[in-house]
Amino acid sequence: YIISVVLEIEKGKKYRLSALVLLINPFFLENLSYRWDSLPMAISIFAVIFPFLFISDKRVFIPVSIIGIIISMLTYQPSVVIYPLMVVALLLKYCIEDVDYKKCFKFLFICIIAFLIALILHKVLDIILNLYRGHRNLYIFSNKDFWEILSFNADQTWLLIKSAFNKTFTILIAVSLL
């Protein structure tokens, strides 16, 4: 619901189906079966979407973003990806609305700074609180094989994209757009 409010999608409708895009995403759909982790997942997703309700007031948006990203990193890290996706969605909305490019770059800069500050603070919290999560709290940058891991992950991502957008899928999307 918050996504549709922030992006101003389906204004005036009682039920907003656009919010289902997140839930029916095949990468998040499988997570619904994890009943013990569903609360931390929900908190994590909410934490990275909630800051965008304060987009008009940067003095509130920045600290709420930092706190939200940290909460997301401490509850269910994969959902932190939603924050940059929301930023991209808002930037696309701004492009469609012909918003001044300086405002777009300022917004992007603020979001990047908030994200980086949150990652640094999360790492500091990790160290101070001595959080152990079975090596799941390590960043790729702390590994000596950084470039090999990055290359492998990029290759795997490309294979995933290619398999997701195979010929049949592309034809179905093209037909549905007509």
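Because the structure is a prediction, the values reported are computed rather than measured. (Residues numbered from 1 in each chain as written. Predicted model: local features only at pLDDT ≥ 70, side-chain atom pairs only at ≥ 80, totals over all residues. Heavy atoms only, no water.)

Some remarks on the overall build of the protein
Basically, it comes down to this: Helix and strand labels come from DSSP, where a helix needs a run of H or I of at least four residues and a strand needs a run of E of at least two; each type is numbered from the N terminus. Only protein chains enter the accessibility calculation, which uses a 1.4 Å probe; a residue is then buried when its area is under 20% of its type maximum, exposed when over 50%, and partly exposed in between. The contact criterion used throughout is that any non-hydrogen atoms of two residues lie within 4.5 Å. Per-residue accessibility takes into account occlusion by the displayed protein chains alone, with areas from the Shrake-Rupley method and a 1.4 Å probe.
When helices and strands are tallied, the protein shows nine helices and zero strands. N-terminal to C-terminal, the α/β element order of the protein is α-α-α-α-α-α-α-α-α. For the protein, buried positions account for 30% of its 178 residues. Once local pairs closer than 6 in sequence are excluded, the contacts in the protein between residues at least 24 apart make up 60%. Within the structure as shown, the protein displays about 12800 Å² of accessible surface, and the carbon and sulfur contribution to it stands at 71%.

So, the state of the cysteines
For the record, the criterion: When two cysteine sulfur atoms lie within 2.5 Å, the pair is treated as a disulfide.
Counted by the stated rule, this structure contains zero disulfides. Not part of a disulfide, Cys 95 finds its nearest cysteine sulfur in Cys 104, a span of 5.3 Å. Cys 95 gets classed as exposed once you look at its relative accessible area, which sits at 52%.

Some details on the pattern of salt bridges
Note the cut-off: Any carboxyl oxygen of Asp or Glu that lies within 4 Å of a side-chain nitrogen of Lys or Arg is treated as forming a salt bridge with it.
With the rule as written, the count across this model stands at two salt bridges. Between Arg 59 and Asp 57 there is a salt bridge, and its shortest N-O distance comes to 3.6 Å. By relative accessible area, which is 27% here, Asp 57 ends up partly exposed. Measuring nitrogen to oxygen at the nearest pair gives 3.3 Å for the salt bridge that ties Glu 97 to Lys 93.

Topic: helix H4 (residues 38-49)
Test applied: Helices are assigned an expected span. That span is 1.5 Å times one less than the residue count.
Compared with an ideal rise of 1.5 Å per residue, which puts 12 residues at 16 Å, H4 spans 17 Å between its outermost C-alpha atoms and is within 8% of the ideal. For H4, the set of buried residues is Met 41, Ser 44, Ile 45, Ala 47, Val 48 and Ile 49.

Let's talk about the packing of aromatic side chains
The cut-off we apply is this: Pairing of aromatic side chains requires ring centres within 6.5 Å, counting the rings of Phe and Tyr and the six-membered ring of Trp. Pairs whose planes differ by under 30 degrees are stacked, by over 60 edge-to-face, and all others tilted. The rule is short: NZ of Lys or CZ of Arg within 6 Å of the ring centre and within 35 degrees of the ring normal puts a charge over the ring.
The final tally for this structure, using the stated rule, is eight aromatic pairs. The interplanar angle of 40 degrees and the centroid separation of 5.1 Å between the aromatic rings of Phe 52 and Tyr 83 together place this pair among those described as tilted. Placement of Phe 52 in the loop between H4 and helix H5 (58-75) and of Tyr 83 in helix H6 (residues 82-96) is noted, with a sequence separation of 31 residues between them. Here Phe 52 matches Tyr 83 in class, with each residue buried. Connected via pairs of aromatic rings, a cluster forms that spans Phe 52, Phe 61, Tyr 83, Tyr 94, Phe 107 and Phe 115. Positioned over the ring face of Tyr 94 is Lys 103, at 5.4 Å from the centre of the ring.

Quick notes on the confidence of the model for the protein
Put simply, the test is: Residue-level confidence of the predictor is what pLDDT reports, using numbers from 0 through 100.
Summary statistics for the protein give a mean pLDDT of 78 and a share of 69% for residues scoring 70 or more. The least confident element of the protein, judged by mean pLDDT, is helix H2 (residues 20-23) at 62; the most confident is H5 at 93.

A closer look at the environment of Ile 112
Tracing the chain through its elements places Ile 112 in helix H7 (residues 101-129). In sequence terms Ile 112 and Val 87 are 25 residues apart; their C-alpha atoms lie 9.4 Å from each other.

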